[in-house]
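So the chains spell out like this:
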Amino acid sequence: MDLRIFTEPQQGATYDTLLTVAKATEDLGFDAFFRSDHYLKMGSGDGLPGPTDAWITLAGLARETQRIRLGTLMTAGTFRLPGVLAIQVAQVDQMSGGRVELGLGAGWFEEEHAAYGIPFPKEKFGRLEEQLEIVTGLWATEPGRTFDFHGTHYQLKDSPALPKPTQPKIPVLVGGHGATRTPKLAAKYADEFNMPFASVEDSERQFGRVRAAAEEAGRKGDDLVYSNALVVCVGRDDQEVARRAAAIGREVDELKLNGLAGSPAEVVDKIGRYAEIGSGRLYLQVLDLADLDHLELISAQVQAQLP
């Protein structure tokens, strides 16, 4: 089971804070540092000092880390044109020495689009499918050849399809709860399917749909990595769990039900339940980025117990 640290910087974080967390992620033996792609806070709190851009952040971290994978859950398809995104991600992959992964989603948070003047189209899923075809198609085009695309939403003509990533193939993540279109999209384009903030039972059902869609598309169900994203709140005792829950404005019982919360033993046990249904990777949503002791505890007493 791979453990990855997943952050939500739109809730309030500077680049320096994210760099500190990324370096701790690397030093403590976690597999990767991922972040969300949002420009507006959600829920309570002031969101200060304001948002940071996902791919600018990852470009900086690419130069200041050596081992960990770097990526997004999920890049918003409404924020960037697919040709531009392909260039950005390929460049950050070069800057990292080949450690980048791209999670790409349709975009959903209408308020942040209004706040920053970003168009919010009604038809987003069709755009996402074209974006995935364009981004992966540009990267896969042989040097010296050109790439063309004629879709409903995007048109590319005689693209040199440059630059190329360092990796032969940048892993692409698709995720979500949709029962029909999402599994088909993952089966066609994804190297990893991510189920965000879902129970073991709901995850098992969705993984089954993705496996079936992959096999229908001519792939093996096990060709994809299956993963979950879950909020994390671990403490050495009940008091520490309660303190950490209060710091992120959540209730302990709710966190235990919907996330990975409690003592290290409780969390290891729940991780085992996700592993049993085929999840091979967990993105631990860390909401208090100042609490590095939390990461140290997870590394020493949770990660160390996992096979």
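For the structure, see preceding data.
Below is a summary of the structure that appears in this document. (Residues numbered from 1 in each chain as written. Predicted model: local features only at pLDDT ≥ 70, side-chain atom pairs only at ≥ 80, totals over all residues. Heavy atoms only, no water.)

On to the packing of helix α6 (residues 181–189) against helix α7 (residues 200–216). For the pair α6 and α7, interaxial distance at closest approach is 8 Å and the crossing angle is 50 degrees. On the basis of their axis angle, the class for α6 and α7 is oblique. Seen along the crossing, α6 lies across α7 with a hand that is right-handed. Of the residues in α7, those in contact with T182, P183, K184, A186 and A187 of α6 are Q206, R209, V210, A213 and A214. A class-by-class count of the residues in the contact of α6 with α7 yields six nonpolar, two polar and two charged. (Axes fitted to C-alpha atoms, helices over the stretch in contact; angles between N-to-C directions. Helix = DSSP H or I, 4+ residues; strand = E, 2+ residues; numbered from the N terminus. Parallel < 35°, antiparallel > 145°, perpendicular 65-115°, else oblique. Left-handed = near helix turned anticlockwise from the far one by under 90°. Contact = heavy atoms within 4.5 Å. Nonpolar A, V, L, I, M, F, W, Y, C, P; charged D, E, K, R; others polar.)

Attention now goes to the packing of aromatic side chains. Summed over all chains, the structure comprises six aromatic pairs. Note on F193 and F207: the rings are 6.3 Å apart at their centroids and 90 degrees apart in plane angle, and the pair reads as edge-to-face. Pair noted here: F193 is in strand β9 (residues 192–196) and F207 is in helix α7, with a separation of 14 residues, a long-range link. Judged by its relative accessible area of 0%, F193 is buried. (Phe/Tyr/Trp six-rings, centres within 6.5 Å; stacked < 30°, edge-to-face > 60°. Buried < 20%, exposed > 50% of the residue type's maximum accessible area, 1.4 Å probe, protein only.)

Attention now goes to the pattern of salt bridges. Counted under the stated rule, the structure contains 22 salt bridges. D191 is the partner of K169 in a salt bridge, and the nearest nitrogen-oxygen pair spans 2.8 Å. With a gap of 22 residues between them, K169 in the loop between β7 (155–159) and β8 (172–175) and D191 in the loop between α6 and β9 connect regions that are remote in the sequence. Looking at K169, the relative accessible area reads 47%, which means it is partly exposed. (Salt bridge = Lys/Arg side-chain N within 4 Å of Asp/Glu carboxyl O.)

In this model helix α5 (residues 125–140) runs 23 Å from its N-terminal to its C-terminal C-alpha over 16 residues, within 8% of the 22 Å that 1.5 Å per residue would give. Those residues of α5 that sit buried are F125, G126, L128, E130, Q131, L132, I134, V135, G137, L138 and W139. Where α5 is buried, its residues contact α3 (82–96), β5 (100–105), β6 (147–150), β7, β8 and α6. (Expected span 1.5 Å × (residues − 1).)

Those residues of helix α8 (residues 238–247) that fall on the buried side of the exposure criterion are E240, V241, R244 and A245. Buried residues along α8 cover an arc of 135 degrees about the axis, so they all sit on one side. Across from the buried face of α8, at angles greater than 90 degrees, the exposed residues are D238, Q239 and A246. Against the buried residues of α8 lie β10 (225–234), α9 (252–258), β11 (260–262) and α11 (292–301). The distance from a side-chain oxygen at the start of α8 to the backbone nitrogen of Q239 is 3.2 Å, and the residue carrying that oxygen is D237. In the segment just after α8, G249 is the residue with positive phi, at about 70 degrees. (Arc of directions from axis to C-beta. Polar contact = N/O pair within 3.5 Å; in protein donor to acceptor, adjacent residues only side chain to side chain.)

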